[in-house]
Amino acid sequence: MYLTRLIGILFKPQKKEKISRWSTLATSPMLILVAIVSLTATMGQRYYNQPELKEGTIAPKTIRVPEDATVIDRKLTDEKRESARLGDITVLTIDSSVNQRVDKELAEILTLGDRAREIVANFPFVNTGILSTNTQQYLRQVSQEKWQAIQKIVEEELQERPPGPSLERTAAASSTPSAVKVTSENNNVIWQTSTEEKLSEVKSRSAGNQENSSIAIASRDQKAISELLTYRKKSLFENYLRVLEEVSQARNFYENATNFLAQEQENDGYEVYDRTLLELSDAVWQKTQIGIETVKERMLTQGISPNLPKQEWVKGLKVQVAGVVPLETEDLTVKILKNILEPNLAKDQDESKELVELAAQNVKPVQYKVRKKEVIVKTGERINRKAFVLLDYFALSRRRVNWRSLVVFVCIVSGSVGIVVIVGRKFKPCLRRRDHILLLLLSLSSPLLVALRVPWSSSLPAIGLLVGNFYGSTMGVTLVTLISVVLPIGMDVGKIDWFASAAAGIVGSLVAEKMRSREEQALLGVGVGLTQGTVYLLTTLIVRATPGLLWYAIVVPVGLQALTGLVWSIVALGLSPYLEHLFDLITPIRLSELANPNRPLLKRLASEAPGTFQHTLFVASLAEAAAREIGCNVELVRTGTLYHDIGKMHDPLGFIENQMGGPNKHDEINDPWVSVEIIRKHVTEGLVMARRHRLPKAIRAFIPEHQGTMLIAFFYYQAKQRAEKKAKVIKEELFRYAGPIPQSRETAIVMLADSCEAALRSLKDATHKDALQMVKKIMRARWQDNQLVDSGLTRGEMSSIAEIFVQVWEQYNHKRIAYPKAAMNPNRVKTAAKSSC
């Protein structure tokens, strides 16, 4: 009884002015009952054969195995196989393109090293008997300031102790305190002691005057000075100068090579070489190059995994380098290879897929071998997975209708139906009985497909697109959301698949209402498919996030999900025209197609009744602007206006706009009763034509309702004058249209636009105020004639409509500049021009 009262409250009839006669709300209690029963029957299958002794419940008694058997747990087996398909099984293969790239980069780096070494190729640049190899290496790389300091020290030393040995000086020197040792080679020792004193003197000067010099003299400097002094004493001055020139030239070559290396490495974006390269001998550099190639081949052949951190494979690289290249170039080798090597192992998709599928098939079925009289579960024990499988296999799980849960599910379905109806009454108050039947059929499609175990059976994308297109986004989102929530309660569905399908259906519902062509709907289908695939991917990554999750194991299901959404969108696009005709639906796309001027009826109207067609176009401009102003269905108003006078094609010359200045047919008839029948007949004939061309009822309604029950005043008063002479009484209803009066705001707008069109066209030099006054007068007459009582238009809306009508009229009758008479006579203009010359 409470449910009956609730249904009565929910479906209490609305006020008449808000519901048009051609689209009355028809949600009878019987239809609601049918919807609840059918939806419960299809969605509530879980409760029709539900086990009483299911997993997690307490066993009421000890239950034993009735016979020997081997029972396979199919559900658990499928779960393990699915887990194996998503496991970390990867086949890696060497990417030859990476190897080629590494080879190319290594060749470029080694070539750069060779080019730099070629610049300083002449080494040693001086005889090693004059300057040792270490000294030559040192002198070519010291700073210019230090090189100049070394030369200066040598020059100063030579000034104090000129070249050439002297026994007296040597003996005198040997008696000085600065000699630290006297031997058979006392000359040499005495000189070295004197040089050290000179170097100390230079150091003290450098320390005492840092502004003038900051050169520090090291042991290698002392060795270089010593060797230069020794050679200078033993050779001619010209030979000594030649050695200095050789050193300076070598220094220039060395500096050029260093700058070349720095510039090239900066341009290439890496830095592997330093001055160490230029110090290597040719033999060492050749061995290093061979070693680099060897280590590179080893690393690439073994393969470098993309999942291995770089610091880890660099450790292995250092182990490979040890012993392969000279000790002094190990660091250089590591630096070069670390710079060019990169992971060269890539996943072999085909091999990995085959291996994964093989692993899934190799998963052994989960089976339980039991013997007769073996205990399945004891009294008071909680039934686990194995026990439930055994109980269900031996038909001991007590499957029956779960009435308590079924009643709860019925309440859930009833509440969902109530929500749909409430949303419909609020956002689509003009839903008819056939509309509710279509909503019910679409709702039933999804559970029926799931029950039949049709692959990819979630039709939510199609439901969302169709309902959103037919009844708006609010109704579409509501229906898809309720189905996606209620159906999994009563049926077993894949949760991730279902969620992705629901997301695609909601997106389709939100956007479908804005589509204005089949082409746009097709593009929306692509978007729906991408949405379903993307949501499935993201949900899978979140729910099944494991370190070894294989991407290629997800790509195929994601692609299938996207394809499923696209296929259901194509199904919706194909069904849409048939459903529109079968259930007499008006959608923006269908209205746009009907408003095409190439439609048969409109082409006939333009050719057979051109005056009426022009009248129709102006009325459509007025009505469309007014509908947009007050928030009516603009597409419906535009399309309905184009067809509202098609009945005039039955006798075009019976209407003055088609006479084109010719004789008036009604003057020849001279009978108001005959004339009024011709005028009235354009309504009935229009309805016949509309039915013949299968126009929707919403469009056919404009034909009679735009005239309502208005009086055909001209012929009425003509007949009345004739009747007064004969003392007869004329019935006014004989000169009125049959009706009905407008039942919606849309048809009422067309009535007002049709009534004002002729009056506005007749105005020539009227002001805005005069035109507005005349339009309001006509509207007032329609209001007083009770033509608008069922339309739902308010007086405030009528004022807005009047203002819009006048604005549109002003746009059509804008002022133009009058052409001068001379411009209309070009010969006269030419004559005047010649005379002026």
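Quick note: structure is the one above.
As a starting point, this report considers the structure included with it. Please read these numbers as outputs of a predicted model, since none were measured by experiment. (Residues numbered from 1 in each chain as written. Predicted model: local features only at pLDDT ≥ 70, side-chain atom pairs only at ≥ 80, totals over all residues. Heavy atoms only, no water.)

## Focus: the packing of helix H26 (residues 610-630) against helix H35 (residues 795-812)
Running from N to C, H26 and H35 point in directions that differ by 135°, and their axes come no closer than 9 Å. Taken together, the axes of H26 and H35 are oblique relative to one another. Remark: the crossing between H26 and H35 carries right-handed chirality. Of the residues in H35, those touching H26 at Phe618, Ser621, Leu622, Ala623, Ala625, Ala626, Glu629 and Ile630 are Glu797, Ser800, Ile801, Ile804, Phe805, Val808, Trp809 and Tyr812. Residue composition of the contact of H26 with H35, by class: 12 nonpolar, 2 polar and 2 charged. (Axes fitted to C-alpha atoms, helices over the stretch in contact; angles between N-to-C directions. Helix = DSSP H or I, 4+ residues; strand = E, 2+ residues; numbered from the N terminus. Parallel < 35°, antiparallel > 145°, perpendicular 65-115°, else oblique. Left-handed = near helix turned anticlockwise from the far one by under 90°. Contact = heavy atoms within 4.5 Å. Nonpolar A, V, L, I, M, F, W, Y, C, P; charged D, E, K, R; others polar.)

## A few points about the pattern of salt bridges
Oppositely charged side chains can pair when the atoms bearing their charge come close. Scanning the entire structure with this criterion turns up 28 salt bridges. Two residues, Arg101 and Glu342, come together in a salt bridge whose shortest N-O distance is 3.0 Å. Here Arg101 is found in helix H4 (residues 96-119), whereas its partner Glu342 is found in the loop between helix H14 (330-340) and strand S5 (345-347), with 241 residues between them in sequence. Asp282 is the salt-bridge partner of Arg117, the closest N and O atoms lying 2.6 Å from each other. Remark: Asp282 occurs in helix H12 (residues 282-302) and Arg117 occurs in helix H4; sequence separation between them is 165 residues. (Salt bridge = Lys/Arg side-chain N within 4 Å of Asp/Glu carboxyl O.)

## Observations concerning the environment of Glu279
The topology assignment puts Glu279 in helix H11 (residues 276-279). Sequence spacing of Glu279 and Gln141 is 138 residues, and the spatial spacing of their C-alpha atoms is 9.8 Å. Ignoring anything within four residues of it in the chain, the contact list for Glu279 reads Gln137, Arg140, Gln141 and Tyr254. Side chain to side chain, Glu279 and Tyr254 meet in a polar contact 2.7 Å long. (Polar contact = N/O pair within 3.5 Å; in protein donor to acceptor, adjacent residues only side chain to side chain.)

## Structural notes on the packing of helix H13 (residues 310-321) against H14
In contact at an axis separation of 10 Å, H13 and H14 are set at 140° when each is read in the N-to-C sense. Judged on the interaxial angle alone, H14 and H13 are oblique. The handedness of the crossing between H13 and H14 is right-handed. Every residue of H14 that contacts H13 at Lys310, Trp313, Val314, Leu317, Lys318 and Val321 is listed here: Glu330, Thr333, Val334, Leu337 and Lys338. The class makeup of the residues in the contact of H13 with H14 is 6 nonpolar, 1 polar and 4 charged.

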